[in-house]
Amino acid sequence: MTRRAIVVGALGGIGRATVARLAEDGIEVHAVDRLPEVVETPPVGATRGHSCDVTDPSAVAATCAAVLAGGSVSILVNAAAVISTGDAEACTLDDFDRTMSVNVRGPWLFAREVLPGMRDARDGVIVNLTSTAGLRPSQNRLAYSTSKAAIRQLTRSIATDYGRFGVRANVVCPGPIDTELWRATRPEGMSADDHLQVTTAGLALPRLGTTEEIASMIGYLVSDQATYITGATFTVDGGRTLH
């Protein structure tokens, strides 16, 4: 029986790579993104694209219902994220609320929709993407770092509550990865070369990671090789959190 998956944030760098990896593994992948072009031009490997605002409970429920109408879902990957800057004083209320809504509330909304089916089937795995900023806060990114720590605890709570039903939930924690999201963090006035140098200077492996490396970890965690792993955090960060 073909397994079915939902990948949220499917038009981002990590999302696209994850869709491709799961499809290569024979999984039917439904790609979800806020951008409407995901419907007409879904990422390579996707069975179907769905446009959805992850902060809207009604939209999330409708999207999941459309996917579930075609059969059960045993895999959920939450990769949608936004980055905001600012310390405790500079971070605005709107920035904080938006960051928490996309990065934490969104994954919870999707999990809430698919967990009943996973529980009843006694089969399911959720992988939530966080960031090393959730383990070691990034300077001047209070809301982002807070949201990434929160989603880790959200995942661990799901693992605690649903493990007895055969449902697993794990965290993948990327370091600096070569994506548009990372490029968007370049400070104004800093050259691309300097941005790369500053980003990689403190890494044990002094380079950016690739989206395929993150997708490989996700592919492993949703596979039958990882059936005794839940509530765990996997850093794929070039050694950023070594120190």
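All of the points below concern the structure found in this document. Small disclaimer: the values here were computed from a predicted structure and weren't measured. (Residues numbered from 1 in each chain as written. Predicted model: local features only at pLDDT ≥ 70, side-chain atom pairs only at ≥ 80, totals over all residues. Heavy atoms only, no water.)

1. Thoughts on the overall build of the chain
And then number 1: In terms of regular secondary structure, the chain is built from eight helices and seven strands.
And then number 2: Taking 2.2 N^0.38 as the reference for a compact globule, 243 residues should give roughly 18 Å; the C-alpha atoms of the chain span a radius of gyration of 17 Å, in line with that estimate.
And then number 3: Taken along the three principal axes of its C-alpha coordinates, the chain extends 50 × 35 × 35 Å.
And then number 4: With 243 residues in all, the chain has 47% of them scored as buried.
And then number 5: Accessible surface computed for the chain: about 11,700 Å², of which carbon and sulfur atoms make up 51%. (Helix = DSSP H or I, 4+ residues; strand = E, 2+ residues; numbered from the N terminus. Rg over C-alpha atoms; globule rule 2.2 N^0.38 Å. Buried < 20%, exposed > 50% of the residue type's maximum accessible area, 1.4 Å probe, protein only. Areas by Shrake-Rupley, 256 points an atom, 1.4 Å probe, with all protein chains shown as cover.)

2. Side note on unusual backbone geometry
And then number 1: The backbone phi angle of arginine 122 is positive, close to 55 degrees, even though this residue is not glycine.
And then number 2: Looking at the element boundaries, arginine 122 is found in the loop between α4 (93-121) and β5 (124-129).
And then number 3: Despite not being glycine, asparagine 140 shows a phi value in the positive range, around 65 degrees.
And then number 4: When you line up the elements, asparagine 140 lands in the loop between β5 and α5 (142-162).

3. Some points on the side chain of serine 223
And then number 1: Relative to the assigned elements, serine 223 resides in the loop between α8 (211-221) and β7 (233-236).
And then number 2: A distance of 2.6 Å separates a polar side-chain atom of serine 223 from the backbone oxygen of tyrosine 220.
And then number 3: Ignoring any residue separated from it by four or fewer positions in sequence, one finds serine 223 in contact with Arg3 and Arg168. (Polar contact = N/O pair within 3.5 Å; in protein donor to acceptor, adjacent residues only side chain to side chain. Contact = heavy atoms within 4.5 Å.)

Purely geometric stuff here, so don't read any function into it on its own.
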